[in-house]
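Chain by chain, the residues run as shown.
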Amino acid sequence: MNAITQGKRLRAKSLTLLGLMLIVLFLLDIGLGSVRIPVSDVIKTLLGQQIDNSGWQGIILKIRLPRAVTAILAGAALSLGGLQMQTLFRNPLAGPSVLGITAGASLGVAAVMLAAGTVTTTFSIRELGVDGSWLIIIASTLGAATVLMLILGISFKIRDNVVMLIVGLMVANITIAVVSIWQFFSDPEQIQEYILWTFGSLGGVTNEQLGALAIIVLTGVILTFFLSKTLNALLLGEDYAQSMGLNVKWARVAIIATTSILAGAITGFCGPIGFVGIAVPHLSRSFLNTSDHRTLVPTCTLVGGILMLVCDIISQVPGSQTVLPINAITALIGSPIVIWIIVKRKNLKASF
Amino acid sequence: MMKETRTILNTTNLTVGYKDKKGVKPVLSNLNLSLEKGKLTCLLGTNGAGKSTLMRTIGGIQKPLEGEVFMQGKPIRSIDAKSLSKQLSLVLTDRIAPGNLTVYALVSLGRFPYTSWLGTLSQKDKDIIFLAMEATGILEFANKHIGELSDGERQKVMIARTLAQDTEVIFLDEPTAHLDLPNRMEIFHLLRALAVDSDKAILLTTHELDMALANADHLWLINQNQTIDSGLPEDLVLNGLLEEAFQRDQLQFDYELGTFKRTSTQKKIKIKLEGDSILKRWTRSALERAGYEVTPDASDIEIRISGNLKAPLWHLNYNDTTYKTIQELLIQLNNQ
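In what follows, the accompanying structure is described. Everything numeric here is computed off the predicted structure, so don't read it as measured data. (Residues numbered from 1 in each chain as written. Chains lettered and ligands numbered in written order. Predicted model: local features only at pLDDT ≥ 70, side-chain atom pairs only at ≥ 80, totals over all residues. Heavy atoms only, no water.)

A look at the nonpolar core
- Counting 167 residues, the largest nonpolar core has A:Met85, B:Leu54, B:Val107 and B:Phe171 as its most contacted members.
- Looking at this core element by element, the count peaks at 14 residues for helix 3 (residues 54–89) of chain A.
- Non-local contacts of A:Met85, meaning those with residues more than four positions away in its chain, are made with A:Arg90, A:Ala94, A:Gly95, A:Pro96, A:Leu99, A:Ile101, A:Leu148, A:Ile255, A:Ile256 and A:Thr259. (Core = buried A, V, L, I, M, F, W, Y, C linked by side-chain atoms within 4.5 Å. Buried < 20%, exposed > 50% of the residue type's maximum accessible area, 1.4 Å probe, protein only. Helix = DSSP H or I, 4+ residues; strand = E, 2+ residues; numbered from the N terminus. Contact = heavy atoms within 4.5 Å.)

Dropping the structure here:
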């Protein structure tokens, strides 16, 4: 049993290491961009000290700090959403985007943006004020929840995971088709705004809104952590989970509700960000070689944050004025990492 | 003095099966069964006879079409999932085990009904997990991952998980499917030892007749009338119910060997066999496979086996020749 305490020590070590990485990348993300700010100045500003360049201070506090925090929140939320979906469906390819949850959130946002007839892009969410941002969040969460409930309903009929995944993909397609018909009958101006939203952006969230987003994501993270034991039981399949006294129906509802809050809120604020939700759980399992959710939940939170920060740094193209869409970067950077991990570790398939 | 009742689970007029829009499809009916503590009970039936359906129903996963299942005298449907999980644990046929989970982590999942919301293990939990792993002989694998284990080892881990769940009743659905003979025997012996030593009521389904006959304390035999005969395995053999249950054309139960054999309608050449009983048994097996019939009556062909077990000799009467192997003997017979 000595090795079990060893495993615990390794877990603590890994989590500490990941935490440190997160802090370093957080500072780098704030420091790098179109204007390069030294990390020492970043730290000073964050600690509330005055720095010589007041312009930098403004950039840090008004633009880059909210963006970096949003990146961490988005990474954590999407990763935990993916982790829960993969365990619930016992499918390595499940994730908020694959099962149509992101598409559902998009439908919700499209409904608000395209039907409202007003300029309500991510950039003008600010102008809408608190009510508008809540409208977008509620719409995207409702959209995400609707699609998830639909998937859930179908999953009661279908027990096969591969079939379930295909059904999820098709439901996502239908949702996207509805959005595209809606776009077809909308004003070009509104469509453009919607399309801009679909590229994803971490910069659209203001300091005031960040509070709301942080509370939602934090709630989701805590809820997911509370679900660790349930998720562990579900690793063996629903019949085993039930035989161990788990109320499987409620567990499903809880997991799906948590996932739609997490994925719905992030999609509402930042646009549909793909890939992270699928990749991070696999990365976390590979790093720690465990399926225990009590370890995976904190690990996914950290790894998700780290990956989003890296993607954000790259999307800012340090030293240039260009900003690339975050959605493209997550896929561009992340997919090769996942392929590398799968080929190297060969234990992706063994996870389920 | 009243005798202590050993029955822990029983059914009354139980009918199991499926219900859909087209109507009710009963699979097994009129079941009045009882499961006793300290005994290994085997539910024996052919493929598709309804073994899993019955197991799922008495395990409380599936609803019965008729009748009632009682766990320690209480109707199982009135017991909430959490209490039931402390009385009954399962090993199912789903062979999906997450490869990233360590053996220790999987076995400790058995403590699910007892741990707090986070699943933190107390010292008592850890002790029980340790004992469960010790009893199943998997302590050495504790930190291995499930994906690294062989099928036999994995099955032991699943059994250890039910032990960690600390229930008086354990159900196992086809626990020895996919396993080779030594592993099958090991699992059966392990389960019987567990039943006897820890006074658990263990029920397993199997279609392996020989294993069930050799190891079961009690047999539930699914017969051709979609119901179940229950009794001591040997009683069911001798009263012919076992043969009846597996009755097929061209299939005959060999009461001496305890297995089924194919019979053919073709007329067979009869051979009389004499000699040591072990040598006779194996010679007979080879002859019968080759299509001959062994008879105790006088026959045109007679084989006398002499020599000892290490160096047997087969003597054929009609050409007065002695053979050193059954193969040589069969070549001669087939050329005839």
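Let us keep going from here.
Examining the packing of aromatic side chains
- According to the stated counting rule, one finds 2 aromatic pairs over all chains in the structure shown.
- Both rings, one in A:Phe184 and one in A:Phe185, keep their centres 5.2 Å apart while their planes meet at 90°; by these two values the pair is edge-to-face.
- Both rings, one in A:Phe226 and one in B:Trp117, keep their centres 4.4 Å apart while their planes meet at 20°; by these two values the pair is stacked. Taken as a pair, A:Phe226 in helix 8 (residues 207–226) and B:Trp117 in the loop between helix 3 (103–109) and helix 4 (123–135) lie in two separate chains rather than in one.
- For A:Phe226, a relative accessible area of 45% gives the class partly exposed. (Phe/Tyr/Trp six-rings, centres within 6.5 Å; stacked < 30°, edge-to-face > 60°.)

Some thoughts on the state of the cysteines
- With the rule as written, the count across this model stands at 0 disulfides over all chains.
- The cysteine A:Cys270 is free of any disulfide, with A:Cys311 supplying the nearest cysteine sulfur at 13 Å. (Disulfide = S-S within 2.5 Å.)

A few points about the sheet that holds strand 16 (residues 301–307) of chain B
Residues and elements named next belong to chain B.
- Strand order in the open sheet formed by 5 strands is 15-14-16-17-18, and the pairing between neighbours is mixed. Strands with a single pairing partner mark the edges of an open sheet, and in this sheet they are strand 15 (293–295) and strand 18 (321–323). Sheet twist, expressed as the average angle between the axes of neighbouring strands with direction ignored, equals 35°.
- Sheet topology note: the strand 16/strand 17 (residues 312–316) ladder contains 5 bridges and is antiparallel. (Pairing = 2+ DSSP bridges. Axes fitted to C-alpha atoms, helices over the stretch in contact; angles between N-to-C directions.)

Thoughts on the interface of chain A and chain B
- Listed per partner, the contact involves 30 residues of chain A and 38 residues of chain B.
- Here chain A packs against chain B, burying approximately 3000 Å² in sum over the two surfaces, 62% of which is carbon and sulfur.
- Among the residues chain A hides against chain B, the three largest losses belong to A:Lys229, A:Tyr240 and A:Met244. Together they make up 26% of the total.
- Here chain A is connected to chain B by 1 salt bridge.
- Ionic pairing is found between B:Arg56 and A:Asp239, a salt bridge with its closest N-O pair at 3.1 Å.
- Our enumeration of links across chain A and chain B arrives at 8 residue pairs in polar contact (both at pLDDT 80 or more). (Buried area = accessible area lost by both parts, 1.4 Å probe. Salt bridge = Lys/Arg side-chain N within 4 Å of Asp/Glu carboxyl O. Polar contact = N/O pair within 3.5 Å; in protein donor to acceptor, adjacent residues only side chain to side chain.)

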